[in-house]
Amino acid sequence: MRQLFLYPITGLYNECHDVDHAALRDAVPPTAGDPRALADVNNLWWQHVLEPEAVRAAVGMLDRLMRPGDAHPAAWEAIVAAPEKFVDEVVRAPRALVDLGAGPRAAFRALETLQLYTDIHSATIGRPFELSLQEGYVVNELSSLELVQSALVPGSNPYLPFLREFVFPVIEDSPPDIAWIVGRIKMSTMAMAMRIKEVNPSCHVSVVGHSSEYYSLNKITKYLRTNSQLFSEIDSIVLDDFDNTPRLLREALEGGDPLESVPNLMYREGDRIHQTGYVVADRALDADLRSAPPRDEYADMTAPSLSVAETRLWPAAQCYWNNCNFCAINRRYNTLPRNSFSLEHERAELMLRLAEQGTSYLWSVDEAIPPVNLGILAQELIALGSPLVWETRSKIDRNFSPEICTDLGKSGLREIRLGFESASPRVLALMGKYPEGWSLDLVEKIVSRFHAAGVSVHFPTIVGFPGETPEERRETYEFLEHLVSQYPSVTFNVNILGFDVASKLFEDYEEFGVTTLRWPTPTKYFLGNLIDWDCAETPFDYGRLDQERNEFMRQVLYPWMPASASIPPYIFYRLTETSRATMVWKSQRAATGRWREPALSADLSQEIRTSPSLVAMGPFKKSSYATEEHYACYVWQTHHAFECDGPTAGLLEFLTEPHSLAEAAQATGLTPEETGAVVRALSAIGAVVTASTDDVPVSLPVFAPAPRRWHALAGPAPAPRKRISAQRKQDLTLTLGRTSST
Ligand code: SF4
């Protein structure tokens, strides 16, 4: 029987899980005949979205949409003022993401650029659909009714033109007998499945690999059994994640055997939907191992993404705690035994083998692993002399003794993720997070042990639990802030509670004070895991929580990030976590002991220059009464926007060519000390850099006409070079003092 795997169109690099620029750049239109012909469809789609002509088209439309006098994001002004600069940044960004060792600022430069582009794409050529880096076009994929009604309708499925050109011919040329929808059911894969059914109505369409970190169809089998809309287009769902069931299903289909002989399966027979029993899986040690060979073209990078492997160290184990009321992670694993942690030596040998094959980093995606087993694994790794840097997950547990923490540090562990959730004892008790004996002191003790061992603790945190008060949330923020100030290796991310329909919280929602449940669609069509909810006594306000958590994360974790950035800090964190960059950054910092991101500053003893990534727009008057000329500037390297006066623009223009500070002082007419103060302020936001070391000058800074919201003065830039009079130096300093983000 002919098989075809249907891969979805989703976020860039599969939400940064598979960051490989060469695969994106070299993706070619699929050809019929190969079961995995569509494996690269997501890369091909993003390749088209990101091609320079598409970026130019979006910017051209943006230019026509922006009206003089309207306030626009500063970045948009810089984009229309110097479109080729932006095109250059967009073209470079996907490759920059591969270089995990380049640090958080480089990742921010690339991700913010791409976020700006997706925003512009959404406002122009993508309209009315919103494009997001995380999931591609934002469409309703929570309802089977919506998917079935929209997937093949032009104007409802934004991917349809692409699918018609590149994917449907593969289906038409060689119609499959078995089609596997890979991953969560998406608009793109539903369209492929429906086209297959049009071409070959007897094709068996099955869904596999739908479980991701927090999502799984296994959590909603109760509703799927009534989802006849979904089963009008698909024939079965494989209810475990493992290789065995798809093989048994294929053999049954090939042999014409009844599907009731296949375990772990939900399937349609006539008008009825059936589910077979679960069979506990026996899983090989490397069942979840994902690694890729290195590429020569990334040889210039310290830690290319392909140097990271991913696995579950205990592929047949679930979370050992399994008691958190909000969490339904273990519901993904209906066919796994619980708490089967053993064979640490074999796991250590697997890690050593990976290192010998060229893998430098390992990210383990296990749920919580008990401290004792981690301790034994650490000893085994030390005994084997493993050089692998690794990350793992557990939970706050008194068994993290000083010895275990020290051994884990020695074994190469550089990041450990410990679900923290809240600092409020009342909220934690409601969550069912900890056994008796938990305290904030214990948390701090464990953090200090890991910090001393060179291991960064990362705390996933939850806000917005039913009944949580603003004061309790503040306790959490204050405790996290305290930890980061005392132990700078600590990081965290703040999640807003996702109300999971497979959790105890959902089951007993009244006990938690929840008064409203809102389904996005009738349950007979429901394909999601999360629903909306509310609490009459302490109303749930997602927008406010989102703003609050992003501001908090930016201030404590990313103080260098401009407040005006388009990419929310929460998303920045998430994408750099899924690319595994966070582990690489931590291993670099553990090696130097410098855990905090250093401030930017040009080396004034060397030649300095204006950042090649700068766009300066002007001159303009801020109002019709103003007499001063101003310039609006945008630095692509840091995404800082600032305004400056004419003399400062003159200095930036003078430094278009590398000069010493003394030469710059001569040009400005200020003393070297005074010029140094101005240059330092400019270098702190990346506008001036050390000529020899910072940024590759692939192009020159751009001096462009004034942004359209201001009153342009006569003549476009470049700015005239000016001497700064002594009387004006105070004004200049003040102007630069306001160089905060706009
Ligand atoms: S410790 Fe983590 S994985 Fe385990 S139940 Fe709690 S939240 Fe879920």
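Bear in mind that the values here come from a model prediction, so they are computed numbers and not experimental data.

Near the ligand the following residues occur: C319, W321, N322, N323, C324, F326, C327 and K433. Grouping the constituent residues of the shell around the ligand by class yields five nonpolar, two polar and one charged.

With that settled, consider the packing of aromatic side chains. Given two aromatic rings, one states the distance between the centres and the angle between the planes to describe the pair. Applying the stated rule across the entire model yields 31 aromatic pairs. Here the aromatic rings of F108 and W560 are separated by 5.7 Å at their centres, their planes lie at 75°, and the arrangement is edge-to-face. Of the two residues, F108 sits in helix α7 (residues 104-123) while W560 sits in the loop between α20 (542-557) and α21 (569-578), which places them 452 residues apart along the sequence. On the basis of relative accessible area, F108 is assigned to the buried category, the value being 1%. Measuring from centroid to centroid gives 6.0 Å for F465 and F512, while their planes differ by 80°, and the two rings are edge-to-face. Placement of the pair is F465 in the loop between β13 (456-463) and α18 (470-486) and F512 in the loop between α19 (504-507) and β16 (516-518), with a sequence separation of 47 residues. Judged by relative accessible area, F512 falls into the buried class, the value being 12%. Following the ring pairs from residue to residue traces out a cluster consisting of Y223, F499, F506, W519, F526, W533, F540 and Y542. Its guanidinium or amino end placed over the ring of Y215, R184 lies 3.8 Å from that ring's centre, counting from NZ or CZ. A cation over a ring is seen here: K395 above W321, with NZ or CZ 4.2 Å from the ring centre.

Examined against the element boundaries, S456 turns out to sit in strand β13. At 3.0 Å, the side chain of S456 forms a polar contact with the side chain of K586. Residues in contact with S456, not counting those within four places in the same chain, are R414, E415, I416, S489, T491, K586 and W595.

Looking at the secondary structure, you find N218 in the loop between β5 (204-208) and α11 (221-224). Discounting residues that sit within four places of it in the chain, N218 has contacts with H210, S211, L239, D240, R331, R332 and N334. At 2.8 Å, the side chain of N218 forms a polar contact with the backbone oxygen of L239.

Here we come to helix α14 (residues 371-384). For α14, built from 14 residues, the straight-helix expectation of 20 Å at 1.5 Å per residue is met to within 8% by its first-to-last C-alpha distance of 20 Å. Listed as buried for α14 are P371, N373, L374, G375, L377, A378 and L381. Buried-residue contacts for α14 involve α13 (344-356), β11 (389-395), α15 (402-410) and β12 (413-419). One or two residues past the end of α14 sits G385, with phi positive at roughly 70°.

We now examine the sheet that holds strand β8 (residues 272-275). Spatial strand order, β1-β4-β5-β6-β7-β8: six strands in an open sheet with mixed pairing. Among the strands making up the open sheet, the edge pair consists of β1 (3-6) and β8. Put simply, the sheet's adjacent strands are angled 20° from each other on average, direction ignored. Sheet topology note: the strand β4 (residues 178-182)/β5 ladder contains five bridges and is parallel. When the sheet's bridge partners are listed, V182 is paired in β5 with V208.

What follows is about the packing of α18 against α20. Two numbers describe how α18 lies on α20: the axes approach to 11 Å, and their chain directions differ by 15°. In terms of their interaxial angle, α18 and α20 are classed as roughly parallel. By crossing handedness, the relation of α18 to α20 is classed as right-handed. Touching R473, Y477, L480, E481 and V484 of α18 are R544, L545, E548, R549, F552 and V556, all from α20. Class assignment for the residues of the contact of α18 with α20 results in six nonpolar, no polar and five charged.

For the chain, per-residue confidence averages 92 on the pLDDT scale, and 95% of positions sit at 70 or higher. Segment residues 718-722 is flagged for pLDDT under 50; beyond a separation of four residues in sequence, or across chains, it makes 16 contacts in the model. In this model, residues 725-742 is a region of pLDDT below 50 whose contacts with residues beyond four sequence positions or in other chains number 31 contacts. For this predicted complex, the interface score ipTM comes out at 0.99, while the overall pTM is 0.94.

Rules behind the numbers
Residues numbered from 1 in each chain as written. Predicted model: local features only at pLDDT ≥ 70, side-chain atom pairs only at ≥ 80, totals over all residues. Heavy atoms only, no water. Near = heavy atom within 4 Å. Nonpolar A, V, L, I, M, F, W, Y, C, P; charged D, E, K, R; others polar. Phe/Tyr/Trp six-rings, centres within 6.5 Å; stacked < 30°, edge-to-face > 60°. Helix = DSSP H or I, 4+ residues; strand = E, 2+ residues; numbered from the N terminus. Buried < 20%, exposed > 50% of the residue type's maximum accessible area, 1.4 Å probe, protein only. Lys NZ or Arg CZ within 6 Å of the ring centre and 35° of its normal. Polar contact = N/O pair within 3.5 Å; in protein donor to acceptor, adjacent residues only side chain to side chain. Contact = heavy atoms within 4.5 Å. Expected span 1.5 Å × (residues − 1). Pairing = 2+ DSSP bridges. Axes fitted to C-alpha atoms, helices over the stretch in contact; angles between N-to-C directions. Parallel < 35°, antiparallel > 145°, perpendicular 65-115°, else oblique. Left-handed = near helix turned anticlockwise from the far one by under 90°. pLDDT = per-residue confidence, 0-100.

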